[in-house]
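Structural features, examined
Listed here are the chains, written in short residue letters.
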Amino acid sequence: ETGVTQTPRHLVMGMTNKKSLKCEQHLGHNAMYWYKQSAKKPLELMFVYSLEERVENNSVPSRFSPECPNSSHLFLHLHTLQPEDSALYLCASSQDLRGGNYGYTFGSGTRLTVV
Amino acid sequence: GQQVMQIPQYQHVQEGEDFTTYCNSSTTLSNIQWYKQRPGGHPVFLIQLVKSGEVKKQKRLTFQFGEAKKNSSLHITATQTTDVGTYFCAGRNYGQNFVFGPGTRLSVLP
């Protein structure tokens, strides 16, 4: 366990489905992030939340919708995805937006396959 | 926007050989971090460098931050099979988020 828990670990969904990814941290961190990692691209930052407020949205398509109800939980709502959205989705947290002295703590990720 | 590059993309070494990966930023960085991702795993934080010219060591790993704070390196002495994985640098420009490099994938042949 890394301190950041992501569920589910694996998800297969059709293009017309709606699903949600969940991330939970009890490290007392104030910043949380969603990253996309695919085989051909480096870690792509999707969304950043600081103290439950979204501070960055990196030109992510609207079929991805984040939600941060409190500083410990982060969701990524998915709908009408495309096959090219298949990837490993990683949640991370950090002490603050500067990364803190201990960097980002990543969850184990959700391996998403869109069929 | 800020870009972070890493070379090489892949490195295959014989166990016991040394390994170095280089990280270069298009802009001056306030700090840089290094992560390791084992096959099938997730990135794990290794270290953060903040000062110009800083050198830090963790057992067989040596991390350097360039004098101009635009580049960094990770050197592993006498690699072991447990060193296998992808090593990412992540650079942060003042006031910005960290930008991850594409990573260097290390294979160690026993």
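Located above this text is the structure these notes cover.
So, how was this worked out
- One numbering rule holds for all chains: residues counted from 1, following each sequence as written.
- Each chain is given a letter, starting from A, and each ligand a number, starting from 1, according to the order in which they appear as written.
- Owing to the predicted nature of the model, reporting of local features is limited to residues with pLDDT of at least 70; listing and counting of side-chain atom pairs is limited to 80 or more, with chain, interface and lining totals taken over all residues.
- For the side-chain quantities, the full set of heavy atoms in the structure was used; hydrogens and water were omitted.
- Numbered from the N terminus, helices here are DSSP runs of H or I no shorter than four residues, and strands are runs of E no shorter than two.
- The globule rule used here is 2.2 Å times the number of residues to the 0.38 power, and the radius of gyration it is set against is calculated over C-alpha atoms.
- Relative accessible area decides the class of each residue, using a 1.4 Å probe on protein chains only: under 20% of the type maximum gives buried, over 50% gives exposed, and in between gives partly exposed.
- Throughout, a residue-residue contact means that at least one pair of heavy atoms, one from each residue, lies within 4.5 Å.
- Only buried Ala, Val, Leu, Ile, Met, Phe, Trp, Tyr and Cys residues count toward a nonpolar core, and they belong to the same one when joined by side-chain atoms within 4.5 Å.
- One speaks of a salt bridge when a side-chain nitrogen belonging to Lys or Arg is within 4 Å of a carboxyl oxygen belonging to Asp or Glu.

1. A look at the overall build of chain B
- Of the regular secondary structure elements, chain B holds zero helices and eleven strands.
- In terms of overall dimensions, chain B is globule-like: its C-alpha atoms have a radius of gyration of 13 Å, near the 13 Å expected for 110 residues.
- Per-residue burial for chain B yields a buried fraction of 49% across its 110 residues.
- Restricting the contact set of chain B to residue pairs at least 6 apart, pairs at least 24 apart contribute 55%.

2. Notes on the nonpolar core
Residues and elements named next belong to chain A.
- Counting 22 residues, the largest nonpolar core has Trp-34, Phe-64, Leu-76 and Leu-78 as its most contacted members.
- Listing elements by their share of this core, those giving two or more residues are strand S2 (10-13), strand S3 (18-25), strand S4 (31-38), strand S5 (41-50), strand S7 (64-70), strand S8 (73-79), strand S9 (87-94) and strand S11 (110-114).
- Sequence-distant contacts of Leu-76, that is, excluding residues within four places in its chain, are made with Lys-19, Ser-20, Leu-21, Trp-34, Met-46, Phe-47, Phe-64, Ser-65, Pro-66 and Tyr-89.

3. Description of the environment of Gly66(B)
Residue and element names in this part refer to chain B.
- On the secondary structure map, Gly-66 appears in the loop between strand S7 (61-65) and strand S8 (71-76).
- A relative accessible area of 12% means that Gly-66 is categorised as buried.
- Sequence separation between Gly-66 and Gly-53 is 13 residues; the distance between their C-alpha atoms is 5.0 Å.
- Those residues within four positions of Gly-66 in sequence are excluded, and the remaining contacts are Ser-52, Gly-53 and Asn-71.

4. As for the pattern of salt bridges
- Considering all chains together, one arrives at four salt bridges over all chains under this definition.
- The shortest N-O distance in the salt bridge between Lys22(A) and Glu24(A) comes to 3.9 Å.
- For Lys22(A), a relative accessible area of 32% gives the class partly exposed.
- For Glu24(A), a relative accessible area of 25% puts it in the partly exposed group.
- Put simply, Lys56(B) and Glu54(B) hold a salt bridge, and the shortest N to O gap is 3.7 Å.

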